[in-house]
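Chain by chain, the residues run as shown.
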Amino acid sequence: MNHALRRVSLVCLAMFLLLLVNANYVQGFEAGKLADGPGNGRTFALQYQYQRGSIVTSDNVTVAESKHIGGVYSYQRSYPAGSIYAPVTGYDSPYNKTGIEGAEDKLLAGADPRLAVRNLIDLVTGKPRKGATVQLTVNSVAQQAAYKALKATGLPGGAVAIDPKTGGILALASYPSFNPNKLATLNGNALNQADKKYLNSPQQPLLNRAINETFPPGSTFKIVTSSAAFSSGKYTPDSRYYAPTNLKLPGTTHELINFDNSPCNDGSNPTGTGKVPLIFAFTVSCNTVFGGLGQHLGGAKLHRQANAFGMNRPLRIPMPVSPSNYPPVSNPDYTAYSAIGQYNDTVTPLQEAMFAAAIANHGTLMHPYLVQKVIAPNLSTLVVTVPSRLSRTVSPAVAGQVSRMMADVVAQPYGTAHSMVANLGGITVAGKTGTAQNGANNTGLDDAVFTGFAPVANPRIAVGVVVKGGGLGADASAPVAAAIIKAYMNYLNSSPKR
Amino acid sequence: MSAMGATGNGAGTTASQPSLAGALSLPRGRRGAELIMLAFSIGVVLFAYANAGLGLNGHVPTGLATYGVLFAVLMLGAHLAVRKLAPWADPLLLPLAALLNGLGLVMIYRLQESGRNGNPGNAISTMSASTTTFQLMWSTIGVIAFVGVLMVVREPRMLQRYTYTLGAVGLVLLALPALLPNSISEVPGTGAKIQVSLGGFSIQPEEFAKLALAVFFAGYLVAKRDVLALAGRHVLGIALPRARDMGPVLIAWAASLLVLVFESDIGTSALFFGMFLIMLYVATQRTSWLLIGTSLFLVGAWAASKLVAHVGVRFAIWLHPTLYQNVFCGSASVHVPCVPSYQLAQGLYGLGFGGLLGTGLGHGQPYLTPLVQSDFIITAFGEELGLTGVMALLLIYGLIVQRGLRAAVAVRDPFSKLLAAGLAFVVALQVFVIVGGVTQLIPLTGITTPFLSQGGSSLVASWMLIALLMRISDTARRPAPQPIQDEGMTQVVRGI
């Protein structure tokens, strides 16, 4: 029988070997795959068992932090400023992560390979794992001013401010916003309630209007048309161009008219049969002049110029930005419409800010970005964003010409945005208003658009604002821009080191 | 054999020199070694217990003194009983069993404390605040049963007399849950009818049936092994038995299938049939029995997976454990009912989460796996002690099996041999079925993890099993009777 017993021993040995090999496979090789398995409550809880990194503004205001509350879910994400920074930070809910919370999740969570060595040291020394801190380019003063001013309009809209020299985003606000604290709660019922409320709200508070909703740019697009015209070398701001009261568009059922159906009159063109300087047409925003000019330049040229300003392409800041569109137009009649920012033109408020930023930075458009740097738990800097050029929109000379026209829009008493001077406290602003018609047969409320930069001589901030249904750009959007510019310039002046 | 002399470890000792045999080469019982290893086991258990408390809430458990002392006294009591009742028994078995039992107690304490008394985690609804106390009580009963078996069974062959009595007892115990109404015999939520539950107090008769049937198989096969081994003809190099000798195999097969069908318990069914097959093989040394039996079982299991829903689902889950479970299963927002793979998936997640070194006792979340304190307790060890802990536990089981098989090889009489082989193999098979089940090696069937799982029957039966193995090894290692005459070179030769 012993012969059989030895064989039985071998069978037992084989069974135990199988178990051992399988345990090694499951716990050693398959562990990573299992960690990502559906409904893995352990992985889920793990993210709350250590301190997730904070998100701070460039002026060191904490806008997202993890607070220790004890228990298995030891840390609770909290957003001290509530809804103001929501479009920037996004939220870190048990279901998903958006905004910077989503885009920089690996670093905030401390799971990024760049933190691996540090985590290993922590493991050995028994220190709890900690996430890295993300420092934004956002300035708390500018951001608060942007949100407050948008909120004051009571209308949905978005506002973005950029440092034109670097592309660093100084403010990125959207209204109506949401309270990310409500989505970060670990109370399942409260979370579901908040989630349902936000998702079902007709105001769409979760929509980031600054980068993920597009609006017709309206007359602000004349910056692009002018840029294309000046770049051709055939025009300067002082070139005189046909300024009819009505621009006949034979291919359409419409005629292009000026805002109040008046001739574009600088005193020399009372009947709408003559020419006016382009700088005058820009300052008072004559549609017929720029419609005709755009027609003359052609859709292809405008398309190229729009591309140079960053349109027609996806962008990451690091969150994905909806592309602003200027689709190629071949029909000259529709080209006229597209040249004044109507037809199929759509832009995000960020794109509006990029128009102004490019002109402010002598034609060089910097890649917009939100993350200034990432700081490891040991306070060493892990990542620093080096500003990079997105594109060369126009030559410095052309930028100077467009800038001169934009300055007139605000400075000249007849400029469309002159009313904002009163709110600026002496800061010089160059800008362009837009009043974009909307809806089928333009039955929708006009969207108010503004793009501009300040100070004119040495631009430090470029702003883009869209207020949906706000009416005249000068009425609804320019004050928002003025508020942001003023707040930020005051901030800069009060801290001289910057 | 005779040349081994005093270097043999007892079983092969030959008293070639009477004077030496009397004074020097008397085989050692190695009780001292057992005591040292037992102390080591107790130390590990106490350390683990303190560690669990520290891991949970940063404090050494308040019960450390009482529970610790109780456990130590219990195990030392067992040791003293062995010293008296089975002085030549294998010195490893008791420390190994004590270590497993103690670690099981520690894990049950840790699971019980989860979410209670201010400790982190969710409270496990299927455990009460006194589960550990109950388990310690069952351990006491187990050790008493261990001592009882050693006292009653002074010689393993004595059991041979009760072959058919114990066979009948085993069958009754096995069939009992199937005959009782579901309210008494069904384990809630599993569909398996394997217990007898009265007034909140439940036992699983199959655990004891296992022991009774092992004795029955051993006795029966010893009596019938010649005919089972020799008759028949060769086909393709395999000696096939005669058709009429197929009887016992078919009966055992039918009985295991009945268990499967009426108690919806493929694990127990596999356990009994596997034990029978191996004992049949050892008795007859005929590989054909193994082939026939294994094919029969596979056919039966396949048919059952098609016919019995409970078994079919297990197969589907085995193939895709994470597929069928609702993502938010078990949380506050349950929209879709949990499907049965939740448990297996959570167990696997726990094992994966533990990784190589584990989270440390008290730091994991084993409570996320339903019924982690019984069938899935190995996943709790895997989560908190890691692959290292699981491998250590498997090696402990492996050692128990090895010591059992060693006793089988060493013991002389065929009945004891068969019994030891059957008992050792059933431990191996049980560990294989449950650990393989929860680690997705084979389809999961709910049977207990010997010594570790919460529950009294399994623990008591396991202690009794260890007692039987120790008794057999004691018989095997017991020095041969002294030759009566001094003169001459009479040898006592042990036949194997």
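Notes on the structure in this doc start here. Here the structure is a predicted model, which means the values were calculated and not measured.

**Quick notes on the pairing of strand 4 (residues 133-136) of chain A**
Residue and element names in this part refer to chain A.
No. 1: Residues Thr133 and Gln135 point to one face of strand 4 and Val134 and Leu136 to the other, with burial holding for every one of them.
No. 2: Pairing of strand 1 (residues 55-56) with strand 4, which is carried by two bridges, proceeds in the parallel orientation. From the neighbouring strand, Ile55 faces strand 4, where its bridge partner is Val134.
No. 3: Pairing between strand 4 and strand 14 (residues 371-375): four bridges, direction antiparallel. When the sheet's bridge partners are listed, Thr133 is paired in strand 14 with Ile375.

**Comments concerning the sheet that holds strand 3 (residues 75-78) of chain A**
Residues and elements named next belong to chain A.
No. 1: Spatially, 3-2-1-4-14-15 is the arrangement adopted by the six strands of the open sheet, whose pairing is mixed. Only two strands of the sheet have a single partner each, and these edge strands are strand 3 and strand 15 (381-384).
No. 2: Bridge count for strand 1 against strand 2 (residues 62-68) is two bridges, and the pairing is antiparallel. Considered in strand 2, the bridge of Val56 is made with Thr62.

**So, the interface of chain A and chain B**
No. 1: Tallying the contact residues gives 35 residues for chain A and 50 residues for chain B.
No. 2: Residue assignment for the side of chain A that touches chain B shows that the elements contributing at least two residues are helix 1 (2-29), helix 2 (31-35), helix 3 (41-46) and helix 10 (188-200) of chain A.
No. 3: Partitioning the side of chain A that touches chain B into residue classes produces 18 nonpolar, 15 polar and two charged.

**Here's the deal with the nonpolar core**
Residue and element names in this part refer to chain B.
No. 1: Counting residues in each nonpolar core, the largest one holds 163 residues, and the members touching the most others are Met275, Met279, Val282, Ala421, Ala424, Met464 and Leu469.
No. 2: Per-element tally for this core: the top contributor is helix 16 (residues 414-438), with 18 residues.
No. 3: Ignoring sequence-local partners within four residues, the contact set of Met464 consists of Ala145, Phe146, Val149 and Leu211.

**Remarks on unusual backbone geometry**
No. 1: Between Tyr175(A) and Pro176(A) the backbone carries a cis peptide bond, its omega angle lying at -5°.
No. 2: By the secondary structure assignment, Pro176(A) is in the loop between strand 6 (169-175) and helix 9 (180-184).
No. 3: Of note, the amide linkage connecting Ile317(A) to Pro318(A) takes the cis form, showing an omega dihedral of 5°.
No. 4: For Pro318(A), the position within the fold is in the loop between strand 11 (315-316) and strand 12 (320-321).
No. 5: Backbone geometry places Ser285(A), a non-glycine residue, at a positive phi of 60°.
No. 6: Inspection of the secondary structure puts Ser285(A) in the loop between helix 13 (278-284) and helix 14 (287-297).
No. 7: Within the chain, Gln285(B) stands out as a residue other than glycine whose phi angle is a positive 60°.
No. 8: Here Gln285(B) lies in the loop between helix 10 (266-284) and helix 11 (287-307).

**Points about the environment of Leu172(A)**
Residues and elements named next belong to chain A.
No. 1: Locating Leu172 in the fold gives a position in strand 6.
No. 2: Using a count of 31 C-beta atoms within 10 Å as the deciding quantity, one classes Leu172 as buried.
No. 3: Measuring from C-alpha to C-alpha, the distance between Leu172 and Tyr85 comes to 7.9 Å, with 87 residues separating the pair along the chain.
No. 4: Every residue in contact with Leu172, bar those within four places of it in the chain, is listed here: Pro87, Val88, Val138, Val160 and Ala210.

Rules and cut-offs
- Residues numbered from 1 in each chain as written.
- Chains lettered and ligands numbered in written order.
- Predicted model: local features only at pLDDT ≥ 70, side-chain atom pairs only at ≥ 80, totals over all residues.
- Buried ≥ 20, exposed ≤ 12 C-beta atoms within 10 Å, placed from the backbone.
- Helix = DSSP H or I, 4+ residues; strand = E, 2+ residues; numbered from the N terminus.
- Pairing = 2+ DSSP bridges.
- Contact = placed C-beta atoms within 7 Å.
- Nonpolar A, V, L, I, M, F, W, Y, C, P; charged D, E, K, R; others polar.
- Core = buried A, V, L, I, M, F, W, Y, C linked by C-beta atoms within 7 Å.

Coordinates in, geometry out; function isn't part of it.
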